Amino acid sequence: DWTRPHAHALRRLRALNRGMRGLLSFPAGQRALAGRGVPATFASSFGQTFFISVFAGEIRATFDLSHGACGWSLGITLIGAAVGMHVTMMATF
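Once a new chain begins, its residue numbering starts again from 1 and follows that chain's sequence as written. In keeping with the model being predicted, local features are shown solely for residues with a pLDDT of at least 70 and side-chain atom pairs are shown and tallied solely at 80 or more, while totals for entire chains, interfaces and linings include all residues. Think of the side-chain values as coming from all heavy atoms in the structure, minus any hydrogens and water.

Enquirer: Requested: an account of the confidence of the model for the chain, with residues and values cited.
Expert: The predictor rates its confidence in each residue with pLDDT, a number between 0 and 100. Mean pLDDT over the chain: 80, with 87% of residues reaching 70 or higher. Going along the chain from the N terminus, every DSSP run of H or I of four or more residues is numbered as a helix, and every run of E of two or more is numbered as a strand. Confidence scores differ between elements of the chain, with helix α1 (residues 4–29) showing the lowest mean pLDDT of 72 and helix α4 (residues 56–63) the highest of 92.

Enquirer: Talk me through a nonpolar patch on the surface; I want residue IDs and the actual numbers.
Expert: Like-charged residues are merged into a patch within 9 Å and nonpolar side chains (Val, Leu, Ile, Met, Phe, Trp, Tyr) within 5 Å, provided each residue has over 30% relative accessible area and no salt bridge. Shrake-Rupley sampling with a 1.4 Å probe provides the accessible areas, and residues are treated as covered by the protein chains on show and by no other component. The salt bridge definition used is simple: a Lys or Arg side-chain nitrogen within 4 Å of an Asp or Glu carboxyl oxygen. A cluster of nonpolar residues, F46, F50, F51, V54, F55, I59 and F63, forms a patch on the protein surface that exposes about 690 Å² of accessible area. For the nonpolar patch, the secondary-structure elements that each account for two or more residues are α3 (48–54) and α4. Here the nonpolar patch takes three residues from α3, the largest share from any one element. Within the fold, F55 resides in the loop between α3 and α4.

Enquirer: Quick one: what's the story with the environment of G71, residue by residue and with numbers?
Expert: Within the element layout of this structure, G71 appears in helix α5 (residues 67–92). Here's how the labels work: a residue is buried when its accessible area is under 20% of the maximum for its type, exposed when over 50%, partly exposed in between, all with a 1.4 Å probe on protein chains only. In this structure G71 comes out as partly exposed when scored by relative accessible area, which is 41%.

Enquirer: So what about a positive patch on the surface? Which residues, and what values?
Expert: His is not counted, nor are the chain ends, whereas Lys and Arg count as positive and Asp and Glu as negative. We put the charge of a Lys on NZ, of an Arg on CZ, of an Asp on CG and of a Glu on CD. Residues R11, R14, R18 and R21 make up a contiguous surface patch of positive charge. Position of R18 relative to the elements: it lies in helix α1.

Below, the structure is given as structure tokens:
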């Protein structure tokens, strides 16, 4: 029967739609939690990227890098760190 795969796809789409409605209604029911979480998120954003951006001029001048070379080296470094963290995490589990 040619309608059978379509019926299965429709059931999956309806389930996804119900899940998305639940996901979107969650913040409305958790205003107190969001009221504390949103400011905490912005207060904790002073990480690696922030400090690199503050000292980017000095880093570029010290190593005689162009904007592109600085971005390229930062990207390679971040990818290497991510791979290293992944390998470390996989080795512990």
